[in-house]
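# Observations on the three-dimensional arrangement
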Amino acid sequence: MEEGPQIVTKSGEVVEVMDGSDIMELVENDKVFSNFVDHKFRDLDRDCDGHLSVKELQPAVADIGAALGLPPQGTSADSDHIYAEVLSEFTHGLKRDPIVILRIDGEDLLEFIESPSFEPEMMSIFSEIDIPNGSLTDYINKAFEKLTVDKGMPPVLDSWVTSNIITPALQSCGVSQEKPVSQDVFLPEFKKVSETVAQRLKEHPVIVAHSENTFDGTGVRRLLSNKFELEKTLDTTVKTMPKDQNGKISKDCVRLALDFLASAAGLPPLGAVYQIDEVIAESCKMLDMDDGKLVKEEEFKKILTELLGSIMLQLEGNPISVSTNSVVHEPLASASTLLQPLSM
């Protein structure tokens, strides 16, 4: 690489300035970055289980920093700060919303296909699918959407997975669009396509970030039990609410206020998880929150506290689990070795 921008200090020392250009060039080159990530995954996955634990991930910060041109840790206060901030944010994110990195290579899918549970589970999935005038391809695509990473399927709605895994498998198997869709036709055709998908995943493994979160009211209870934190959160929330000339707040602002304090109560933002939105709507209905009345600040805080209590009880009785799967890497080349740094 060519040397980056340099400055001369008052003492005459020449210092190189890191402007991020090396990082951007690596990240923006899909092929190079793809191979880089694939190599790092294999290197860090010490127990070869297809998962990266927090312990296995920790060295990645230092390794990637070095690959991107940062000085080694301990040699520069500025770069050490960058390392610390990245590691802190990364580990904080794992604690807040645990993420498992999965390397999906077709083995789990093949195991599912060959298991005794394959046919009964796929029969159940087929019975749930209702596509008026849908073709066999439509039904097969919808069935793949219902398979999770636990069965060895990456998220099918991801465009890369669709175009590089699912569509070629369908074409390779010559799925007929003319056959009437029935259970007897669907099962053998789906199995044939699934086996081809497993083979393509073996040739083109897909790396997926998988996260699971369960909302069971614990975060709400923690906030409600801490009187100081609760009062502080409510005061901050109330200050952001629109008020009339008498300083009163409309009860129509309850959802806005709840969205403002959601993170403090361990709840997702409004609109992020529809099951939670339904719980909130039910609580608002039970407590008659939508009458549009104007109330004083203290009354508004009392209303919010009652609403949080109602939400907590509902979630404790019926916890809501949500999982998210995102493709973070799609190997586009067969080589898995780390390519040399780009020449500038």
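Below: a short report on this structure. These figures come from a predicted structure and were not determined experimentally.

Cut-off values and rules
- Residues numbered from 1 in each chain as written.
- Predicted model: local features only at pLDDT ≥ 70, side-chain atom pairs only at ≥ 80, totals over all residues.
- Heavy atoms only, no water.
- Helix = DSSP H or I, 4+ residues; strand = E, 2+ residues; numbered from the N terminus.
- Buried < 20%, exposed > 50% of the residue type's maximum accessible area, 1.4 Å probe, protein only.
- Areas by Shrake-Rupley, 256 points an atom, 1.4 Å probe, with all protein chains shown as cover.
- Axes fitted to C-alpha atoms, helices over the stretch in contact; angles between N-to-C directions.
- Parallel < 35°, antiparallel > 145°, perpendicular 65-115°, else oblique.
- Left-handed = near helix turned anticlockwise from the far one by under 90°.
- Contact = heavy atoms within 4.5 Å.
- Nonpolar A, V, L, I, M, F, W, Y, C, P; charged D, E, K, R; others polar.

### Points about the overall build of the chain
Across its full length, the chain carries 14 helices and 8 strands. Buried positions account for 37% of the 344 residues belonging to the chain. Accessible surface, the chain: about 19,700 Å² in total, of which carbon and sulfur atoms supply 52%.

### What about the packing of helix 8 (residues 159–173) against helix 9 (residues 183–203)?
At a closest axis distance of 9 Å, the pairing of helix 8 and helix 9 adopts a crossing angle of 130 degrees. Accordingly, the angle class assigned to the pair helix 8 and helix 9 is oblique. Of the two possible hands of crossing, helix 8 and helix 9 adopt the one that is right-handed. Between helix 8 and helix 9, the residues in contact are Asn164, Ile165, Ile166, Pro168, Ala169, Leu170, Ser172 and Cys173 and Lys192, Val193, Thr196, Val197, Arg200 and Leu201, respectively. Partitioned by chemical class, the residues of the contact of helix 8 with helix 9 number 9 nonpolar, 3 polar and 2 charged.

### With respect to unusual backbone geometry
Positive phi values are uncommon outside glycine, yet Asn133 reaches one of about 60 degrees. Relative to the helices and strands, Asn133 resides in the loop between helix 6 (118–128) and helix 7 (136–146). Take Asn133: its relative accessible area is 83%, and that puts it in the exposed class. Positive phi, normally seen in glycine, also occurs at Asp288, with a value near 55 degrees. Its place among the elements puts Asp288 in the loop between helix 13 (274–286) and strand 7 (294–295).

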